[in-house]
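Observations on chain architecture
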Amino acid sequence: MSFELSIPFAQYTRAFADTFTMVGISGAIAFFVGIPVAVLLNVTTPGGFLASPRLNRAVGSVVNSFRATPFIVLMVALIPLTRLITGTSIGVWAAIVPLSISATPFFARIAEVSLREVDPGLVEAAQAMGCKKWEIVRHVYLPEALPGIIGGFTITLVALISSSAMAGAVGAGGLGDLAIRYGYQRFDTEVMVIVIAVLIVLVTSVQAAGDYYVRWLRNR
Amino acid sequence: MSVNEFVIPGLMPLLQRQAESGTVAKLVNALDASPLRETRTDAVAVADKKAIGTVRFEALGKVYQSSAGKVSALEDISLDIQAGSIFGIIGRSGAGKSSLLRTINRLETPSSGRVWVDGVDVAALDENGLVALRRRIGMIFQHFNLLSAKTVYENVALPLRVARVPNAEIHQRVTRLLELVGLADKHATYPGRLSGGQKQRVGVARALATNPEILLCDEATSALDPEATQSILALLRDINRQLAITIILITHEMSVIHEIADRVVVLEKGRIAEEGEVWKVFGNPQHDATRALLLLLEHDLPQDLRATLVHEPPQDKAFERILAFSYTGAGGLEPDFIRIGEALDTRVRLIHGGLDRIQGHAHGRLLLAVDGRAQLPKLDNLTTGQGAIAHDIQEIGYVV
């Protein structure tokens, strides 16, 4: 039995690859920038071991202002910066800049909450055994908060998949863009249904993988 | 910085002399053979070799700022803790024990007064000095505080890793330590899979990793069942004897002090209520706080006796007189029933009580019943001098 797609299959694979690239790269950036920001927020909080209310407030308000801006607005507002970094304001790479900038503060806040929930007794034990500050971050805070951090990162990835749909606005392509252009603007219900199905499978897999890893970490 | 910096010259011969048998002895020999023990740089300032393992508090005070104003947690604490002793700090919750213990490794900074560890003023240390000091002071906790993301082996190895000890030596030491605490087969297990007693054993191994001179125990057995408590206390006693490590423990349980401590200080509302050798403080408590803490251990009147006890001798009925004999442990005086019988010149029946032996001194209270018709000698004369049969005798009532 043969089945005729309304648009070439390559369109789907291309869109999937674009979404994958955007989510993957901006997710990686969010992870590696977000964790240091979360650590900074955590250790500078009043009562933390590098307590510095001013620095904490300063970093906190930068994080909050990026979180307060809706992604579609952020994307447009960041166009000059994007052009500065990537040399262009359209395409996958142009979308990665605002996606990373939006996902990093989001992830940083979630990671900060996980860090905050690390038992202070463990920090005390590390201090008592002669750990310096950096060693406490490395051996206590990060490994102990890892299940929460991974759980938060899973949420961040799912949010990124959703935001990346808007990246079509800067001509970045991706699954969301495909659904808008064909499914919505050309009334091609088939594309709409397929894209939604692919997104459901993608999000479900990301969530399941994250949950599995977290469960494995917690059950050691 | 290496571990060599906190190995103390002169300690090894002492340890070897003490190491006679058992796993601890094996550990000591193994540690001696390791290069960790060979040299020591002078980065750690130790004012006086004789002061190694000692802690001295001098007019220590701690004031907390709370929403309700200033709260004084510790006031005017002056204490001397001898090297190689087991020193107990007891008090009800909120008495300031925890703060006091934490001033020793400066997890808590006192508001006034000084703390001297090994003859060095703890407050004067810079960050590197503080880290070096903390490596000479092991600490175990009520809730163990093991890192859940690290295996047993990695938990015990961590103090050595952060002290930049070479891996081969870490492996050797951690293996010995896990043997010492009887968990050699659990090295690859995560703490979540251990029982409370096993977790605390890992805590002890971790605290001993850097060869400390002092071990701080923060309610180390309070979260354990009685059996695990006994085994941890036995382990601590062993460590104290074999490795000559000063152990300072805080607890709210008199039984823990009773079990292992040499000296005890009773804290009440941030002040020292009394201090002394355990058997003296137990046998003859001077302060209400001590008596309150002792109540749990004391053999109070049993329920049935309390119900029938009267305070006046019953008329025209046969009755028995109830006497309470107390023993404080002083002078080696112990209950001798033949002498008691002779001194009272009547039949004596033991109805309740018991003795505990603390550091070789018998202390406790016995309730004896004697026939009400018997003419007793003056009881006060029986508690002093050569003819003493108890440290204190009280007539507490009569039963029909």
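Remember, predicted model here, so these are calculated numbers, not experimental data. (Residues numbered from 1 in each chain as written. Chains lettered and ligands numbered in written order. Predicted model: local features only at pLDDT ≥ 70, side-chain atom pairs only at ≥ 80, totals over all residues. Heavy atoms only, no water.)

Moving on, we get to the pattern of salt bridges. Counted by the stated rule, this structure contains 21 salt bridges over all chains. Between glutamate 112 of chain A and arginine 109 of chain A there is a salt bridge whose closest N-O contact spans 2.9 Å. Of the two residues, glutamate 112 of chain A and arginine 109 of chain A are both situated in helix α5 (residues 92–116); the distance of 3 residues between them amounts to about one turn of the helix. Ionic pairing is found between arginine 164 of chain B and glutamate 135 of chain A, a salt bridge with its closest N-O pair at 3.5 Å. Separated into two different chains, arginine 164 of chain B in the loop between α5 (152–162) and α6 (167–180) and glutamate 135 of chain A in helix α7 (residues 133–164) make up a pair that spans both. The class of arginine 164 of chain B is exposed, set by a relative accessible area of 57%. Judged by relative accessible area, glutamate 135 of chain A falls into the buried class, the value being 9%. What emerges from the salt-bridge pattern is a single network uniting Arg109, Glu112 and Arg116 of chain A. (Salt bridge = Lys/Arg side-chain N within 4 Å of Asp/Glu carboxyl O. Helix = DSSP H or I, 4+ residues; strand = E, 2+ residues; numbered from the N terminus. Buried < 20%, exposed > 50% of the residue type's maximum accessible area, 1.4 Å probe, protein only.)

This part is about the interface of chain B and chain A. At the interface, 25 residues of chain B touch 20 residues of chain A. Taken together, both faces of the contact between chain B and chain A bury some 2,000 Å²; the carbon and sulfur share is 54%. Arginine 102 of chain B is the salt-bridge partner of glutamate 124 of chain A, the closest N and O atoms lying 2.5 Å from each other. At the junction of chain B with chain A, the criterion picks out 8 residue pairs in polar contact (both at pLDDT 80 or more). Elements that contribute at least two residues to the side of chain B that touches chain A include exactly α4 (127–135), β6 (137–140) and α5 of chain B. (Contact = heavy atoms within 4.5 Å. Buried area = accessible area lost by both parts, 1.4 Å probe. Polar contact = N/O pair within 3.5 Å; in protein donor to acceptor, adjacent residues only side chain to side chain.)

Our next topic: the sheet that holds strand β1 (residues 55–66) of chain B. All names here are of chain B. Reading across from one edge, β2-β1-β4-β5 is the order of the 4 strands in this open sheet, with antiparallel pairing throughout. Each of the sheet's edge strands pairs with one partner strand only, and the pair in question is β2 (69–81) and β5 (120–121). In this sheet, β2 lies alongside β1 in antiparallel orientation, the contact comprising 9 bridges. Within β2, the position partnered with valine 63 by the bridge is serine 72. Across the sheet, helix α3 (residues 97–104) touches β1, β2 and β4 (112–117), and the angle it forms with β1 is around 120°. (Pairing = 2+ DSSP bridges. Axes fitted to C-alpha atoms, helices over the stretch in contact; angles between N-to-C directions.)

All right, on to the pairing of strand β7 (residues 214–218) of chain B then. All names here are of chain B. With 5 of its 5 residues buried, β7 lies for the most part within the structure. Here β7 shows two buried faces, one formed by Ile214, Leu216 and Asp218 and the other by Leu215 and Cys217. Inspection of the sheet shows β6 paired to β7 by 4 bridges, in the parallel sense. Opposite isoleucine 137, over in β7, you have isoleucine 214 as the bridge partner. As defined by bridge partners, β7 adjoins strand β8 (residues 246–251) across 5 bridges and the pair is classed as parallel. Paired with isoleucine 214 across the strands is threonine 246, a residue of β8.

Let us now look at the packing of helix α6 (residues 120–128) of chain A against α7 of chain A. Residues and elements named next belong to chain A. As a packed pair, α6 and α7 sit with axes 10 Å apart at the nearest point and diverge in direction by 160°. The angle between α6 and α7 falls in the class roughly antiparallel. Here α6 and α7 pass one another in a crossing that is right-handed. Touching Leu122, Val123, Ala126 and Gln127 of α6 are Ile136, Val140, Tyr141 and Glu144, all from α7. Tallied by class, residues from the contact of α6 with α7 come to 6 nonpolar, 1 polar and 1 charged. (Parallel < 35°, antiparallel > 145°, perpendicular 65-115°, else oblique. Left-handed = near helix turned anticlockwise from the far one by under 90°. Nonpolar A, V, L, I, M, F, W, Y, C, P; charged D, E, K, R; others polar.)

The quantities given are spatial measurements derived from coordinates; they are silent on function.
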